[in-house]
Amino acid sequence: MGPAAGASVAPVRVAASRPRRRRPSGEPPPLPHRINVSGFFWLGLVLAVAGIWVALALSATARTALDIADNAALQRLVDLRTAWLTRLMKVLGAPATGAALQSLWLINLVLLVIWRRWRHLLVWLGAGLAVVSGGEAVTVTIQRPRPLGVEILASWKGFAMPSLPLAVLAAFLVCTVYALVPAGRIRQQAKIVVAVLLVLAALSRTYLAQDSPSDAVLGIVFGVTIPLLAFRLLAPNDAFPVTYRRGRTAHLDVSGSRDAAIRHALEDQLCLIPTELKPFGLEGSGGSTPLRVGVKGDPDYVVFAKLYSQTHLRSDRWYKLGRTLLYGRLEDEKAFNTVRRLVQYEDYALRLLRDARLPVPRPYGIAELTPEREYLVVMEFFPGSEEIGTAEVDDDIIDQGLAIVRRMWDAGLAHRDIKPANLLVHDGRLILVDPAFAQVRPSPWRQAVDLANMMLVLALRTETSRVLERARRQFNDDEIAEAFAATRGITMPSQLRRMVRAQGRDLHGEFVAQLPQALPRVRIQRWSLRRITLSVTVIVLFVLAVIAAVPLIVNSPL
Amino acid sequence: MRPRRLLPLVAALLLATGCSASLDIGAPPGRLPSCPVGDDWPEKENVPPIVLMAQAVPTASWLPCITALPAGITFDDVDTRNGLGRFWLSSGREGKHAIRVALTRECQPEGDAAEPNPQPGITRYVELGGSGPREWYHVFRGGCISYRFDLPTDTSEAAIAAGLGFVSRAAVGRWVSDQSDGRLRLDPPRNQDGPP
């Protein structure tokens, strides 16, 4: 059977009735990268605040003018002082104390660690530190005394402009809202609570004369803006949603504006008019957000799309760094630089495998949502197909699987991710999908691993002796023995490892036992000066980070 | 390895160390709290640290300042909070924070009263002997200024002390008032009582 025979099962693509349109140069992309109107509002405010600080640092006249204005306002508050109001104000100011702020930080730390929301934690930490350190630097530069001519009724520390306790409180509360509260109505309500808390704390501190009104206001603006911009730019909700559902968090939310952008991009760039857009097979995918897209045609048909963003690019980088640390440079471990290159590579690999007459989905091209940030790779969908891990595996399917490997060997290609989720059975044909890791001119070791993994996948649904008997028709015993010598636990995709373990069978051992010779295991550890240097660097950085992190937990942020 | 790959780690480390710096080392050093020459300060920006110390101990009739530090001694940083104003000096030989000057409302001086007193109304006590840090106390109405020397015994503490000075609260109050053409004052009016 020809392995390419299964490749032409999708309906012929029918172009949309609307002609392909050129996007004018001034038009924004389907999903522009934005920090929202409120982000610009706060950015404008913080720039104004920075201007005021510069003026205060440079001009004694400006400092005196502000002192006089603040003093006039404070004197009015002093006139309101009564014993009961003072007691109340001390309570209202409690959130802006060192102990309260440290508690807030530690609660966030624990929750973010429990939910493994590392991205949010890093942005939280960075924004919090920026406000604490930046605020301290400003106070020392401006050197503004505490309110003059009024009695200060509560504790204080250091210079007054900006109010560091209020800046830190604002920053920590905004970080809490963006890191812990899901987007939507509940987050809007949380923002109102934060605003009320900040107003009350500011009122308390000015009443007690710990801060002048301008210290309080500028501190809050500074404290709100830094984390707001940090979260919107570095952990945007659509890429890093705050959810409390179990499951992978790498998948993007494809509702709302992204749904509209995907539809627009597919129609505009690939002439596909989407009728339906649904996440599909999320559980089997960690490297992208897979989608099933219904398309208008005659008749209507379905395509498969994979949505890639910078999140996936970073995952790819960390994955390759981890591999380099664990095994050395087994093969090409260079990470992609941009999302565009990542999707271009997958589209290219798909076309290359198809040109080699391998049974892969028909590629439909790439659609751009946000330049350099988000792209879709679109390909043929196989309705009613079944993963090989649950399908009926007969001699024909076994032969097709082994022929796929044989053809890849002959064409100088390796798939590098042979696992049940990437082998679909559709109308008696075996289809190879997800060539994102495919490699041209791979090492003989990698080609051998592809063969062993294919045999192991096939053996999940039948006897090893049957798979071996069929394999001997396309590969000799030396090649098969080498394949199993090259393949051990860690060279198998994790899904395949899991499924083998779940069956309680030693498939690898069964194959090896039936071979006339067992070759010694191929060593996969590759040591080099580069790997040693990298490992030492990572260990040193980790230790230093741990040492540096201790004060973050032990000390108060003020 | 490409530097880009280590970027997140380095960024995390920098952030973390940046925080520890802000927590452990304190803010960047403030400006020198220098004493007035005659009735005025030659550099106006050096007065705010003294104003802040006056606010820290509202009863203190005298405040610490620096006249001229001897060679090898440099200003480190200042830490002021309600009830306490401190600044530190470094010694070229003994390193950071070798000398601490602290203003408090009260102190319990040890040692004998030493003549001459630096200013009328200020009584100096000098702690004698001992192998650890030694302290000089200056007691006056409403406050106490102490010098803590963490230096070898052969160092001339007197030379360092001579570089330190005192400025009256009244002088600082006058400066605040002059800066605002009389519209601001350092201390609240005497009849302005906060609630207990």
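Residues numbered from 1 in each chain as written. Chains lettered and ligands numbered in written order. Predicted model: local features only at pLDDT ≥ 70, side-chain atom pairs only at ≥ 80, totals over all residues. Heavy atoms only, no water.

Peer 1: I keep staring at the overall build of chain A and nothing clicks. Help me out?
Peer 2: Across its full length, chain A holds 18 helices and 10 strands. Taking 2.2 N^0.38 as the reference for a compact globule, 558 residues should give roughly 24 Å; the C-alpha atoms of chain A span a radius of gyration of 30 Å, well beyond that estimate. With the C-alpha coordinates aligned to their principal axes, the bounding extent of chain A is approximately 95 × 60 × 40 Å. Counting every position in chain A, which comprises 558 residues, the buried fraction comes to 53%. Long-range contacts, defined here as pairs at least 24 residues apart, represent 76% of the contacts in chain A between residues at least 6 apart. (Helix = DSSP H or I, 4+ residues; strand = E, 2+ residues; numbered from the N terminus. Rg over C-alpha atoms; globule rule 2.2 N^0.38 Å. Buried < 20%, exposed > 50% of the residue type's maximum accessible area, 1.4 Å probe, protein only. Contact = heavy atoms within 4.5 Å.)

Peer 1: What is the right way to look at the overall build of chain B in this model?
Peer 2: Secondary structure summary: chain B contains four helices and nine strands in total. The helix and strand sequence of chain B, counted from the amino end, reads α-α-β-β-β-β-β-β-β-β-α-β-α. Out of the 196 residues belonging to chain B, those deemed buried represent 44%. The contacts in chain B between residues at least 6 apart in sequence include a share of 49% that link residues at least 24 apart.

Peer 1: Got a minute to help me understand helix H12 (residues 395-411) of chain A in this structure?
Peer 2: Side chains that are three or four residues apart share a direction in an α-helix, a result of its 3.6 residues per turn. All names here are of chain A. With 17 residues, H12 should reach 24 Å at 1.5 Å per residue; the first-to-last C-alpha distance of 24 Å fits that figure. Where H12 is concerned, the buried positions are Ile397, Ile398, Gln400, Gly401, Leu402, Ala403, Ile404, Val405, Met408 and Trp409. Its side-chain oxygen 3.2 Å from the backbone nitrogen of Asp396, Asp394 forms the N-cap of H12. Positive phi appears at Gly412, one or two residues downstream of H12, with a value of about 70 degrees. (Expected span 1.5 Å × (residues − 1). Polar contact = N/O pair within 3.5 Å; in protein donor to acceptor, adjacent residues only side chain to side chain.)

Peer 1: Explain the confidence of the model for chain A to me, please; I cannot follow it from the model alone.
Peer 2: Low pLDDT means the predicted coordinates in that region are not meant to be read closely. The predicted model of chain A averages 88 in pLDDT, with 93% of residues at 70 or higher. Counting interchain partners and residues more than four positions distant, the pLDDT-below-50 stretch residues 1-12 of chain A has 28 contacts. (pLDDT = per-residue confidence, 0-100.)

Peer 1: How do you make sense of the packing of aromatic side chains when you look at a structure like this?
Peer 2: When we look at a pair of aromatic rings, we describe it by the centre distance and by the angle of the planes. Summed over the entire model, instances satisfying the criterion amount to 19 aromatic pairs over all chains. Relative to Phe222(A), the ring of Trp53(A) has its centre 5.3 Å away and its plane inclined at 70 degrees; by these criteria the two rings are edge-to-face. Remark: Phe222(A) occurs in helix H8 (residues 213-234) and Trp53(A) occurs in helix H1 (residues 36-58); sequence separation between them is 169 residues. Take Trp53(A) and Phe222(A): they sit in the same class, and that class is buried. Ring centres of Phe336(A) and Tyr345(A) lie 5.6 Å apart, and the angle between their planes is 50 degrees; this geometry places the pair in the tilted category. What makes Phe336(A) buried here is its relative accessible area of 16%. Linked through ring pairs, Trp136(B), Tyr147(B), Phe149(B) and Phe166(B) together constitute an aromatic cluster. Directly above the ring of Tyr244(A) sits Arg117(A), whose terminal nitrogen or CZ lies 4.8 Å from the centroid. (Phe/Tyr/Trp six-rings, centres within 6.5 Å; stacked < 30°, edge-to-face > 60°. Lys NZ or Arg CZ within 6 Å of the ring centre and 35° of its normal.)

Peer 1: Would you mind going over the sheet that holds strand S5 (residues 374-380) of chain A with me for this structure?
Peer 2: Residues and elements named next belong to chain A. In space, the five strands of this open sheet follow the order S1-S2-S3-S5-S4, with antiparallel pairing throughout. Whereas interior strands pair on both sides, the edge strands pair on one side only; in this sheet they are strand S1 (274-279) and strand S4 (363-370). Here the average twist between neighbouring strands, direction ignored, is 25 degrees. Bridge count for strand S2 (residues 289-295) against strand S3 (residues 301-308) is seven bridges, and the pairing is antiparallel. Bridged to Thr289 within S3 is Leu307. Sheet contacts for helix H9 (residues 256-270): S1, S2, S3, S4 and S5; angle to S4, the most-contacted strand, approximately 130 degrees. (Pairing = 2+ DSSP bridges. Axes fitted to C-alpha atoms, helices over the stretch in contact; angles between N-to-C directions.)

Peer 1: I keep staring at the pattern of salt bridges and nothing clicks. Help me out?
Peer 2: Side-chain pairs of opposite charge can arise whenever the charged atoms involved come near each other. Scanning all chains against the criterion turns up 31 salt bridges over all chains. Across the pair Arg466(A) and Asp395(A) runs a salt bridge, and its minimum N-O distance is 2.7 Å. With a gap of 71 residues between them, Arg466(A) in helix H14 (residues 464-471) and Asp395(A) in helix H12 connect regions that are remote in the sequence. Overall, the relative accessible area of 27% leaves Arg466(A) in the partly exposed class. Classification of Asp395(A) as partly exposed rests on a relative accessible area of 28%. Note that Glu157(B) and Arg134(B) form a salt bridge whose closest N and O atoms lie 2.5 Å from each other. Pair noted here: Glu157(B) is in helix H3 (residues 157-162) and Arg134(B) is in strand S7 (residues 134-140), with a separation of 23 residues, a long-range link. (Salt bridge = Lys/Arg side-chain N within 4 Å of Asp/Glu carboxyl O.)

Peer 1: Would you explain helix H13 (residues 444-459) of chain A in this entry?
Peer 2: Counted at 1.5 Å a residue, the expected span for H13(A) with its 16 residues is 22 Å, and the 23 Å between its end C-alpha atoms agrees. With 15 of 16 residues buried, H13(A) is to be regarded as a mostly interior element.

Peer 1: Looking at this model, I keep getting lost on the pairing of S7(B). Mind explaining?
Peer 2: In summary, the side chains of a regular strand alternate between the two faces of the sheet. Residues and elements named next belong to chain B. For S7, a buried count of six out of seven residues is recorded, marking the element as mostly surrounded by other parts of the structure. Relative to S7, strand S6 (residues 123-126) runs antiparallel, the two being bridged by four bridges. The partner of Val126 across the bridge, within S7, is Trp136. With seven bridges joining them, S7 and strand S8 (residues 143-149) adopt antiparallel strand pairing. Directly across from Phe140, in S8, lies its bridge partner Gly143. Counting the residues that bridge the hairpin from S7 to S8 gives two residues, and of these Gly142 lies at a positive phi of roughly 85 degrees.

Peer 1: Honestly, the state of the cysteines in this entry has me stumped. Any pointers?
Peer 2: Think of a disulfide as a covalent bridge from one cysteine sulfur atom to another cysteine sulfur atom. Residue and element names in this part refer to chain B. By the definition in use, this model includes two disulfides over all chains. The disulfide that involves Cys107 links it to Cys144, with 1.9 Å between the sulfurs. On the sign convention where negative is left-handed, the bridge of Cys107 and Cys144, at about 85 degrees about the S-S bond, is right-handed. With a gap of 37 residues between them, Cys107 in the loop between strand S4 (95-104) and strand S5 (112-113) and Cys144 in strand S8 connect regions that are remote in the sequence. Classification of Cys144 by relative accessible area gives buried; the value is 1%. If the cysteines joined by disulfides in chain B are listed in sequence order, their pairing comes out as 1-2, 3-4. (Disulfide = S-S within 2.5 Å.)

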